[in-house]
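Given next are the chains, with one letter for each unit.
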Amino acid sequence: MEEQLNLAPFGYLVMDISLRILDMNQTLQDWIDLQDTPSHIHDLLTIASRIYFQTYFPPSIKMHGKVNEMYLTLKAGNEKIPILMNAVVRNQRYECVFVQMKVRDEYENELF
């Protein structure tokens, strides 16, 4: 199962309660394609997403023990990747799943 999670078609990330990145799967590493492995979730996010994350994520995860369908944008080299994030608290850690929304964003932008 470990190899399946590592190569699954979604990003998987584990953070401690200080929002420091403890682990991420290979898929997420390939998406962000950063030279240095980020140490904090804020290192992955655009400025707008970082502000949204800071105001919404901590109170929501503390109150409900999970966050569903949080729309964020990841920095990935010279591009940005829109994602939906789901997260849960397990063993004093936050386990997060990222699903890309590139195609949907492109479609919605064309509709506008």
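Each chain carries its own residue numbering, running from 1 in the direction its sequence is written. For a predicted model such as this one, the threshold for reporting local features is a pLDDT of at least 70, and the threshold for listing and counting side-chain atom pairs is 80 or more; totals across whole chains, interfaces and linings nevertheless cover every residue. Based on all heavy atoms of the structure, the side-chain values leave hydrogens and waters out of the count.

### So, the sheet that holds strand β3 (residues 66–76)
Short version of the rule: Pairs of strands are assigned from DSSP output, requiring at least two bridges between the strands. Think of it this way: any DSSP run of H or I at least four residues long counts as a helix, any run of E at least two long counts as a strand, and we number them from the N terminus. Note on geometry: axes are C-alpha line fits, over the in-contact stretch for helices, and angles between N-to-C directions span 0 to 180 degrees.
One open sheet accounts for 5 strands, arranged β2-β1-β5-β4-β3; its pairing is antiparallel. Bordering the open sheet on either side are β2 (21–24) and β3, each of which pairs with just one other strand. Each adjacent strand pair in this sheet contributes to an overall mean axis angle of 30°, direction not counted. Here strand β1 (residues 11–16) runs beside strand β5 (residues 93–100); their pairing, made up of 6 bridges, is antiparallel. In the sheet register, tyrosine 12 faces β5, and the bridge partner there is valine 97.

### Regarding the side chain of histidine 40
Definition in use: By the criterion applied in these results, polar contacts are pairs of N or O atoms within 3.5 Å in which, for protein atoms, one can donate a hydrogen and the other can accept it, and in which residues neighboring in sequence qualify only through two side-chain atoms. It only takes one pair of heavy atoms within 4.5 Å for two residues to be counted as in contact.
For histidine 40, the position within the fold is in the loop between α2 (26–32) and α3 (47–64). Engagement of the side chain of histidine 40 in a polar contact is seen with the backbone oxygen of serine 18, the distance being 3.3 Å. A distance of 3.1 Å separates a polar side-chain atom of histidine 40 from the backbone nitrogen of histidine 42. Excluding residues that lie within four positions of it along the chain, histidine 40 makes contacts with Ser18, Leu19, Arg20 and Ile21.

### Points about the nonpolar core
This is how the line gets drawn: In this text, buried Ala, Val, Leu, Ile, Met, Phe, Trp, Tyr and Cys residues form a nonpolar core when linked through side-chain atoms within 4.5 Å. In this scheme, a residue with accessible area under 20% of its type's maximum is buried, one over 50% is exposed, and one in between is partly exposed, where area comes from a 1.4 Å probe on protein chains only.
Ranked by internal contacts, the top residues of the largest apolar core, which has 26 residues, are Leu13, Phe53, Phe57, Met85 and Phe98. Breaking this core down by element, the ones donating at least two residues are β1, β2, α2, α3, β3, β4 (79–90) and β5. For this core, the element with the most residues is β3, which contributes 5 residues. Aside from chain neighbours lying at most four places away, what touches phenylalanine 53 is Met15, Leu19, Ile41, His42, Leu45, Pro58, Met70, Leu72 and Met85.

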